Amino acid sequence: MQSPDDNSPLTLTFVLKDPGSLQDDQCPSLYRTSRRTWIIQADRRDEPDVRAQARALAPHEGLGEVTDDFMDVIARTYVKERYGLDIPG
């Protein structure tokens, strides 16, 4: 796997969005990258008390908040694409 610090151009491919989002362009969304990594578009949580609870969060790193329902969709989608298995939802 390429390192996320790799200097090669980063290209995102949209995978899915939270079905609970009210509008087409509303987050959260999941993207696969050209570096074989993942990016989650989510509501940013920059409050100092929230950041202080994260483990070893570097100044250049951020936190995003997504719902349990969206994580379920991510897990089911990943397992289906990667292993061809359907997980009941």
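Residues numbered from 1 in each chain as written. Predicted model: local features only at pLDDT ≥ 70, side-chain atom pairs only at ≥ 80, totals over all residues. Heavy atoms only, no water.

S.K.: Could you give an account of the overall build of the protein, with specific residues and numbers?
M.R.: Broken down by element type, the protein carries two helices and five strands. Helices and strands in the protein line up, N terminus first, as β-β-β-β-α-β-α. Expressed as a percentage of its 89 residues, the buried residues of the protein come to 19%. Of all intrachain contacts in the protein linking residues separated by at least 6 positions in sequence, the fraction that spans at least 24 positions is 35%. Of the roughly 7,000 Å² of accessible surface on the protein, a fraction of 50% belongs to carbon and sulfur atoms. (Helix = DSSP H or I, 4+ residues; strand = E, 2+ residues; numbered from the N terminus. Buried < 20%, exposed > 50% of the residue type's maximum accessible area, 1.4 Å probe, protein only. Contact = heavy atoms within 4.5 Å. Areas by Shrake-Rupley, 256 points an atom, 1.4 Å probe, with all protein chains shown as cover.)

S.K.: Requested: an account of the nonpolar core, with residues and values cited.
M.R.: Most often, soluble globular proteins have nonpolar side chains that are buried together. In this structure, Leu 16, Leu 30, Phe 70, Val 73 and Ile 74 together form the largest nonpolar core, which totals five residues. Counting residues per element, this core draws most heavily on helix H2 (residues 68-83), at three residues. Once you skip the residues sitting within four places of it in the chain, Leu 30 turns out to touch Thr 13, Phe 14, Val 15, Leu 16, Trp 38, Ile 39, Ile 40, Phe 70 and Ile 74. (Core = buried A, V, L, I, M, F, W, Y, C linked by side-chain atoms within 4.5 Å.)

S.K.: Describe the confidence of the model for the protein, listing the residues and the values that go with them.
M.R.: Overall, the prediction assigns the protein a mean pLDDT of 89, with 90% of residues at 70 or greater. No element of the protein has a lower mean pLDDT than strand E4 (residues 43-44), which averages 93, and none a higher one than helix H1 (residues 48-51), which averages 96. (pLDDT = per-residue confidence, 0-100.)

S.K.: Any chance you could break down the packing of aromatic side chains for me, citing the residues and the numbers?
M.R.: Taken as a whole, this structure holds three aromatic pairs when the rule is applied. Ring geometry for Phe 14 versus Tyr 31: centroids 5.9 Å apart, planes at 70°, classification edge-to-face. Remark: Tyr 31 occurs in strand E2 (residues 29-33) and Phe 14 occurs in strand E1 (residues 12-17); sequence separation between them is 17 residues. Residue classification places Phe 14 among the partly exposed positions, given a relative accessible area of 47%. Of the residues examined, Tyr 31 reaches a relative accessible area of 17% and is grouped as buried. (Phe/Tyr/Trp six-rings, centres within 6.5 Å; stacked < 30°, edge-to-face > 60°.)

S.K.: Now, about a nonpolar patch on the surface: what can you tell me, with residues and values included?
M.R.: A cluster of nonpolar side chains, contributed by Trp 38, Tyr 78, Tyr 83 and Leu 85, occupies part of the molecular surface with about 440 Å² of accessible area. Relative to the assigned elements, Leu 85 resides in the segment after H2. (Patch = residues over 30% accessible without salt bridge, like charges linked within 9 Å, V, L, I, M, F, W, Y side chains within 5 Å. Salt bridge = Lys/Arg side-chain N within 4 Å of Asp/Glu carboxyl O.)

S.K.: Help me get a handle on unusual backbone geometry, residues and values and all.
M.R.: Of note in this structure, Arg 36 is not a glycine but carries a positive phi near 60°. Checked against the element boundaries, Arg 36 lands in the loop between E2 and strand E3 (38-41). Residue class for Arg 36 comes out exposed when judged on its relative accessible area of 63%. One non-glycine residue, Ala 56, adopts positive backbone phi at about 55°. Tracing the backbone through its elements, the reader meets Ala 56 in the loop between H1 and strand E5 (64-65).

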